[in-house]
Amino acid sequence: MAAQDGSKKFEHMGATNKLDFQLRVHIIEARELQPRDANGMSDPVVVVTALDQKNHTVTHKATTICTWDHLMFFEFKKVAGEFFTGKIQVKVYDANTILRNVEIGSYEFDVNYVYSQSGHEIYRRWVGLTDSTQKFTGVQGYLKLSISVLGPGDEAPAHDPSEELDDETGDLSNLQSLILLPPTITSQENALELSIFRAENLPKMDLVGKCDGYVSAKFMNKELKTKTIEKEYNPQWNEKIVLQVNTPTMADIIRLQVKDYDKGGSDEIVATSFLKFSDTQNPELAAVRRTPRWVNLYGVPDGTTTSGPGKSVEIAKKILDGTIPGSAWRGRFLMSMESRANKGTKIGVFPLNAVPEPANTEYILRMDLFESAELSSQSSDIIVELTCGVHKVESKTGKNKNGNAAWYANLPELKMMLPSDVSQCPDVFINVYTSKMTGRTRIGYLRYPISELKAKSEPQWVLLEKDLLTSSEENQIAGFLSFKLNVGTMGTLGARTEIPKPTLRKFQLRAHLYQAKDLPSADDDGRSDPYAVVRIGRFSSKTKTIEGTCFPLWYQSLIMDVELPEPLNLAPNLNIMIWDWDQISGDDFLGRFSVPTEKLRSEMSTEPTWYPIYLKNPEITEGSVLASFQLIPMEQAASIPIPKSIEPEMIDSILQISSVGLRDLLPKNFLPLNATYVEFDCGTKQSVKTKPSKQPNALNPSFLEVLELPVRVPKSALFAPPVNIRVFETGIINTLIGTRSLSLAAFIENSGIRLEAELPKLVTEIPGGKYAKEIEKPNLNLNAEPREEVRIEMPDDREHDENARLLGNPNAPTAESQERALARQKDSLIKNLENRTGPEVQESFPQGSELQVEPEKPKRPVVKHELELDLKNPPFNVFKLYRMKGNKRIDVGEWKGGLKILSAKNKEPKEDLNKIFAPTEYHVRLYILEGFQLVPKDADGSNDPYLIVRCGNQVFNRVELRKEGTSRPGFFDVIKFNTTFPTASSVTVEVWDYDVGSAADLIGRTRLDLESRISCPDWKALSPMKPIEYRTLWNPSSANAQGQIAMWVDIMTPQEAQVTPVENITPPAPVDYELRCIVWETRKVPFKDKNMSDIFVTAYPEGLKPQYTDTHWRSENGEGKFNWRMNFRVTVPNAIPKFKVQIWDKDILNPNDAIAEANLNLRTFYMNTWNKKLSSAQLSRQWCILSHPSSSTSMGEINLSFDLLTLEEASRRPAGKGREGPDALPAPIRPETSFNPFGNPFKSFQHILWGQNKGKIIGSCVVCCLLLIGVFVLLFFLRIL
């Protein structure tokens, strides 16, 4: 299983195409980390390895509990198979300055596992860390994190901001409830046993010799391998690989690789196979997996070059490592898999006894081979090979005539002894080769599991898989093959009959090609010169060429006399190929589609069909062809008349084009633009064009002209012609700036077709821009209530203003509903807004004095996307313009105007657009609030973001207001300016990253069309309060969203601006407080020294420097008396409102010993004080129980109290640190035995030497006295003598 669930979703984009993926890892916090330092603590840092990229957090010092709140972005350009077989490894280390970092614990995620979760994410999940070095067993700590995986077209997860806050808030009346506890995770140690017995039919890997094979097993970053069996195609290992796995786990993919050992170089991969660990947890599947079974190996064909440079070598390596599905069988190996509770099971590789192979059954495989068509080789002879494992048979050589060959033969049947369980049987391969004097080359193949072959028991035409190793043509298909496959066991298949050569019958094929739409652009001007080729077998014909359009109108019937085999299911498919004609170079292939010949009928369809076309993968389509087909036996052809014309019934009409102007033009080669004009046609040679203009400026010229173009419009919108828009720059030779073609279907009366709004994305080159979606918005305003999203629903019967009617908006409703709809819309919105109130303040709050609270304003509505998505009926149309740059289509601006189809008989008078769009001055206010998840541009994983806003020639650079070191900036900036519509109406909001000493980096940008808003009734109906919109930021260098900004726009006349005050969006200012924590005493602290501890306490808000109490020496009962005040300056709101307390044992000559630790969540305490604007608040003196990861029991208790005061209040009520004044705390009453032994020798003797050794000292003195007396007596007697 080379392709996982995620890669299957994107396999239609090509197995070898590199796609844009984004991975986000949010490291939140850790608890209960096992200590690795001698002092009983660690210095934790998190290192994230995502596939081949790494990032890390900052390091916290001396703790087992810490918060990072670190957001990491990883961007990849990889093939889907490689990306989704990747791993995300999260490791927590104990950082060391000189020595190597020591692993505390790790956790591994499969990219595919994360992608398979709801929203493609794991959100704020606790995981248990284990030591991958296996030096320590059991859970080594807990880590809280979020991971999201995004691919092309995926919508990023969005969460209510309140979900980003701490999970535990606690009760302020109970200090113990504020202590953050480790999560409850039940972890089970398991032994994953992979029994590897033997292999068969491994390929030749060495120039001299056979294969020196071994098996490598890797799961959750743990890898073991069997012994190597040298020079053997059928090695017998008989070994069991045992890996330790802790469940639950978010890794699932077990990688098994058979490798060839090379003494002088790197070992070569024979093949890669993947198993799922989750199978061992499913009782039904576990029973199957624990029984020895064959695992088939797939990779590249024998003889494929797998080393050296070149694209084919790169592809071969990806096939061998499982990134791309294998295209050939490479042998098989016998194994079993089982997971069991690890109760003393040893980890490693152990010998096993051999086991018998699974039961076999004789199978018969038959292939009836008919024809091939449209092969990529047009001349070389063709051989078809059928293989299943070691069993192989091939056809005779088929003569190739222009890519077609015929056999109509039974290939010899294959009799095969294969496993009775079909899931263990090798897949069946059909290989198609060209045969030359120099050898064979595989041009295509098909691969089928035996269990699927029953569906192939009837003749059919199948598109061959292209051999990626030999194909050089990017957009060329391998061809088609007609065959029938049958598989069964002995006695289940009937007698085989010879395939007679089919009877050829003459038919007349009538291909009616009407038109095409949305064809790819092949020429530099963004257009194509398309023609269609119709081919069936060796017969072909083509249409005329329509120059300069991606919406060609052929209206042509191709009549072909053909010979086809009967029955028609043996006949090749009818294939239609669309080409772009080039006068000098070769024609460019634009796409194709096929129709099974047996589905063709004699009668002409009353209504043709739109057929989507594709280049090489039928699931990736671009453009469509309107066509119908007839296949008539030749003897009946004369009786079925050929239509004189296939043009539909037409009505002479006038296309009225109200050309307002061009916006945001991108010059060629960045040269200054001259005057530009726009030319329009409807697929014929007749065209109209505007006058050249460069007013008010060359990049945003206005025309304000109404043009009329005669056009023949079909009654049915199915046949609607295109309108081609071309923009030229005037000069000696007029230069094409950009083009756009679109169908007029939406403008035909009663068509039922609506124009889709084109969301402006300011991306110069659009690599995957169509996959852009809304991204997640994290919480920034920690004090704010979650913003409620409001979908702006517009009533269907409301009326547009007069401009919409004049400009011919095809989506406009009738005029009678204008007043009623607008009144209802405004009433509904105003009522909705009035019912919205600000965030509620909690009723319970700490003791303190309350200041006056201002009343809350009504809440502004919120939409979590660009507002353009809700303004569904703009007064005029905006169509993007494109041109080609290499093989990329780039956005070069917009055409603004209206299209209306009028009757040629009852022509309406032209409107004067100069009156409608008379230059009008407006005052614009951009309220830019916050930025979310901005992709980091700095090496430390953050940004120094600032805003640049552009409107016409006006530029507002806010570099002086930049935010430092954040990817979640709160801008809260109001940018005010006057502008004139329809002159400078496009506003670009850019977010840049400031760099010292180098140029700033563009993070992303978004563009707003103010002119469309001010003219749109939907916008006017949103008064009086425009909603906050979340706009995605884009950067030309990436197809992935670069972040999001929240903002709203007010547009008003200068008169309205004079009486409308600017809204103050500055959030309530953060307040600096003095946090006073008093450590009163401790109790029940366990001894670290013999029968005592030298206790001191450290405490600090996370992110600030710790403060220390003095030491309570020689505590012999676990009690410590301190009466010690610590003062900290904190800012509220606070991103990490946690307060850390640690109890230590003081050591003079050795490192201090950590005894206990706790983290208190003070968010509620902080926010209640701040929300209520209290000048002071207090948490009264209470006992808290502390713990340590090395112990499962309490490690002591501490008595604390907290005071939170504004700086003003703190200056009015000063208090010193420790026990110093002012407001000095009393000295603690400590027992006489509490003293510093190195500072008081007398007490040291009294309480240490005397107190502990009194009996020995007295005894020693008595003995000494007796000895002295004895000596004196002895000397006395000696003197007498």
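Above this text you will find the structure in question.
All figures in this text were calculated on a predicted structure; none of them were measured in a lab. (Residues numbered from 1 in each chain as written. Predicted model: local features only at pLDDT ≥ 70, side-chain atom pairs only at ≥ 80, totals over all residues. Heavy atoms only, no water.)

Caption draft 1: Structural view of unusual backbone geometry. A cis amide bond, omega 0 degrees, links Glu566 with the succeeding residue Pro567. You can see Pro567 is positioned in the loop between β31 (553–566) and β32 (574–580). Look at Asp664: it is not a glycine, yet its phi comes out positive at around 55 degrees. By the secondary structure assignment, Asp664 is in the loop between β36 (650–663) and β37 (676–681). (Helix = DSSP H or I, 4+ residues; strand = E, 2+ residues; numbered from the N terminus.)

Caption draft 2: Structural view of the sheet that holds strand β12 (residues 236–247). Taking strand neighbours across the sheet as the criterion, the five strands line up as β15-β16-β9-β12-β17 in an open arrangement whose pairing is antiparallel. Looking at strand neighbours, the two that pair on one side only are β15 (293–299) and β17 (348–351), the edges of this open sheet. Pairs of neighbouring strands in the sheet enclose a mean axial angle of 35 degrees, with direction left out of account. By the bridge criterion, four bridges tie β12 to β17 in an arrangement that is antiparallel. Residue pairing for β17: Val242 is matched across the bridge by Gly348. (Pairing = 2+ DSSP bridges. Axes fitted to C-alpha atoms, helices over the stretch in contact; angles between N-to-C directions.)

Caption draft 3: Region of interest: helix α5 (residues 311–320). Within the span of α5, buried status applies to Val313, Ile315, Ala316, Lys318, Ile319 and Leu320. Lining the buried residues of α5 we find α2 (80–84), β14 (268–276), β15 and β16 (328–341). Positive phi appears at Gly322, one or two residues downstream of α5, with a value of about 90 degrees. (Buried < 20%, exposed > 50% of the residue type's maximum accessible area, 1.4 Å probe, protein only. Contact = heavy atoms within 4.5 Å.)

Caption draft 4: Representation of the sheet that holds strand β8 (residues 142–150) in the model. Ordered by their spatial adjacency, four strands build an open sheet running β4-β1-β8-β7, and the pairing between neighbours is antiparallel. Edge strands, defined here as strands with exactly one partner in the open sheet, are β4 (66–78) and β7 (121–128). With direction set aside, neighbouring strand axes in the sheet form an average angle of 20 degrees. As defined by bridge partners, strand β1 (residues 19–31) adjoins β8 across nine bridges and the pair is classed as antiparallel. Bridging from a neighbouring strand, Glu29 pairs with Lys144 of β8.

Caption draft 5: Structural view of the side chain of Glu1197. Turning to its location among the elements, Glu1197 is positioned in strand β61 (residues 1197–1206). At a separation of 2.7 Å, a polar atom in the side chain of Glu1197 contacts the side chain of Arg1083. Polar side-chain contacts of Glu1197 include one of 3.5 Å to the side chain of Lys1084. If we ignore the near neighbours within four places in the chain, the residues touching Glu1197 are Glu1081, Thr1082, Arg1083, Lys1084, Ile1143, Trp1183, Cys1184 and Ile1185. (Polar contact = N/O pair within 3.5 Å; in protein donor to acceptor, adjacent residues only side chain to side chain.)

Caption draft 6: Spatial organisation of the pairing of β7. Burial analysis of β7 places seven of its eight residues in the buried class, which makes it a mostly covered element. Pairing between β7 and β8: six bridges, direction antiparallel. The residue of β8 that forms the bridge with Glu121 is Ser148.

Caption draft 7: Main features of the pairing of strand β40 (residues 722–729). Of all eight residues in β40, eight are buried, a share of seventy percent or more. Side chains Pro722, Asn724, Arg726 and Phe728 project from β40 onto one buried face, and the interleaved Val723, Ile725, Val727 and Glu729 project onto a second face that is buried too. As paired elements, β37 and β40 share six bridges and run antiparallel to each other. Pairing of Glu679 across the sheet is with Arg726, part of β40. One ladder, built from eight bridges, connects β40 with strand β41 (residues 735–743); its direction is antiparallel. The residue of β41 that forms the bridge with Val727 is Gly738. The turn linking β40 back onto β41 is made up of five residues.

Caption draft 8: Just the nonpolar core, in detail. Ranked by internal contacts, the top residues of the largest apolar core, which has 41 residues, are Leu1075, Phe1139, Val1141, Leu1160, Leu1162, Phe1165 and Phe1202. Listing elements by their share of this core, those giving two or more residues are β53 (1071–1083), β54 (1093–1101), β57 (1120–1132), β58 (1138–1145), β59 (1153–1161), α13 (1163–1171), β60 (1176–1185) and β61. Leave out the neighbours within four places in its chain, and Leu1160 touches Leu175, Leu178, Ile179, Pro1137, Lys1138, Phe1139, Val1141 and Phe1202. (Core = buried A, V, L, I, M, F, W, Y, C linked by side-chain atoms within 4.5 Å.)

Caption draft 9: Summary view of the environment of Arg24. For Arg24, the position within the fold is in strand β1. When its relative accessible area of 4% is taken as the criterion, Arg24 is described as buried. In the structure, Arg24 is positioned 51 residues away from Glu75 in sequence and 8.7 Å away in space, judged by C-alpha atoms. Here the side chain of Arg24 touches Gln22 through a polar contact of 2.8 Å, side chain to side chain.

Caption draft 10: Broad picture of α13. Taking burial as the measure, the nine residues of α13 include eight buried ones, the bulk of the element. Of all the residues in α13, the buried ones are Arg1163, Thr1164, Phe1165, Tyr1166, Met1167, Asn1168, Thr1169 and Trp1170. In the core, the buried residues of α13 are packed alongside β53, β57, β59, β60 and β61. Directly after α13, the chain includes Lys1173, whose backbone phi takes a positive value near 55 degrees.

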